[in-house]
Amino acid sequence: MTGKIAFQGELGAYSHQACQQARPEMEVVPCTTFEDVVEMTRSGAVDLGMLAVENSTYGRVADVHSLLPKSGLHIVDEAFVRVHVNLLGVPGASLADVTEAHGHVVILPQCAGFLRSHGITGRVSSDNARAAREVAEAGDKTRAALASELAAQIYGLEVLARHIEDQKNNTTRFLVMSREADHSRRAAQMITTFTFRVRNIPAALYKALGGFATNGVNMTKLESYMVGGSFMATEFYADIEGHPEDAHVALALEELRYFTNNVTVMGVYPSDRDRG
């Protein structure tokens, strides 16, 4: 597939890396915010959008629950990217020169142990790749960026310390978004993502989820969030293994709809979990 794919961040961001991994043939388009990625995809300015949704160390990356259900977009793929955090400095700098490291608020906790052990102060930047660009522009040996090796290549920086993340399984999950749904594909493992709101009856959630247990459908994610600022309206975001046309999944979703309102399938796509 050729075309354009948008991501949040600057060139060299981990989302850029995710685009290269999942859609290497597509032209990348950097965006300032997640909302910009959604809007460019929805408007047709780009063909696909790449959104980071959660990290194995930090947790949820973006408020996907408020952004995705109302976006009008569909999930067509997921991608797991091993996030190797590197300390990048200007040419000629050494680790001993560095007194402060700049990175996104999400990346700083992921290498807090390394920074603390080397007496380096973490500084918040709006984007890891932007931090790399600004370090390169400043030319100050005491300043470093926490970013990818891709960013080092793009901005002419040197890797002063490689793979400094505290958790060695540090991984970010990304979702590939499209204007058009695609339920036609089949793979050894499919994921179905949907949102739903439970009816206001006793044990509604228990009853709604019972169909997944009795039909042998594995639910890999279930998160709740408030709707419209109301404590009374709760919506749920869920991932299950399987395709809606699989007999056991269809039965589970049928039972879910009986006890809920506003069930919306947001995507049906091949799992990338084995490669995460």
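Everything below is about the structure printed above this text.
Residues numbered from 1 in each chain as written. Predicted model: local features only at pLDDT ≥ 70, side-chain atom pairs only at ≥ 80, totals over all residues. Heavy atoms only, no water.

Most peptide bonds take the trans configuration, and most residues that are not glycine carry a negative phi. You will see that His163, though not glycine, has its phi angle at about 55°, which is positive. When you line up the elements, His163 lands in the loop between β10 (158-161) and β11 (171-178). His163 gets classed as partly exposed once you look at its relative accessible area, which sits at 31%. Positive phi, close to 60°, is recorded for Ala203, a residue that is not glycine. (Helix = DSSP H or I, 4+ residues; strand = E, 2+ residues; numbered from the N terminus. Buried < 20%, exposed > 50% of the residue type's maximum accessible area, 1.4 Å probe, protein only.)

It is worth spelling out the sheet that holds β10 at this point. Pairing is mixed across the open sheet formed by five strands, whose spatial order is β8-β7-β9-β6-β10. Each edge of the sheet is formed by a strand with only one pairing partner; in this case those strands are β8 (121-125) and β10. Each strand of the sheet is rotated relative to its neighbour by a mean of 40°, with strand direction disregarded. Two strands pair when backbone bridges link them, and strand β7 (residues 100-104) and β8 are joined in this way by five bridges, in the parallel orientation. Directly across from His102, in β8, lies its bridge partner Arg123. In this fold helix α5 (residues 128-138) packs onto β6 (86-89), β7, β8 and β9 (143-147), with an angle of close to 155° to the strand it touches most, β9. (Pairing = 2+ DSSP bridges. Axes fitted to C-alpha atoms, helices over the stretch in contact; angles between N-to-C directions. Contact = heavy atoms within 4.5 Å.)

Moving on, we come to the nonpolar core. Considering soluble globular proteins, one finds that nonpolar side chains tend to be buried as a cluster. Within the largest apolar cluster, 44 residues are counted, with the highest numbers of intra-cluster contacts made by Leu87 and Leu146. Not counting residues within four places of it along the chain, the set of residues in contact with Leu146 comprises Val85, Asn86, Leu87, Ala101, His102, Gly103, Ile107, Leu108, Cys111, Leu115, Asn128 and Ile164. Counting 20 residues, the second-largest nonpolar core is a separate cluster that includes Phe34, Val46, Leu73 and Leu175. (Core = buried A, V, L, I, M, F, W, Y, C linked by side-chain atoms within 4.5 Å.)

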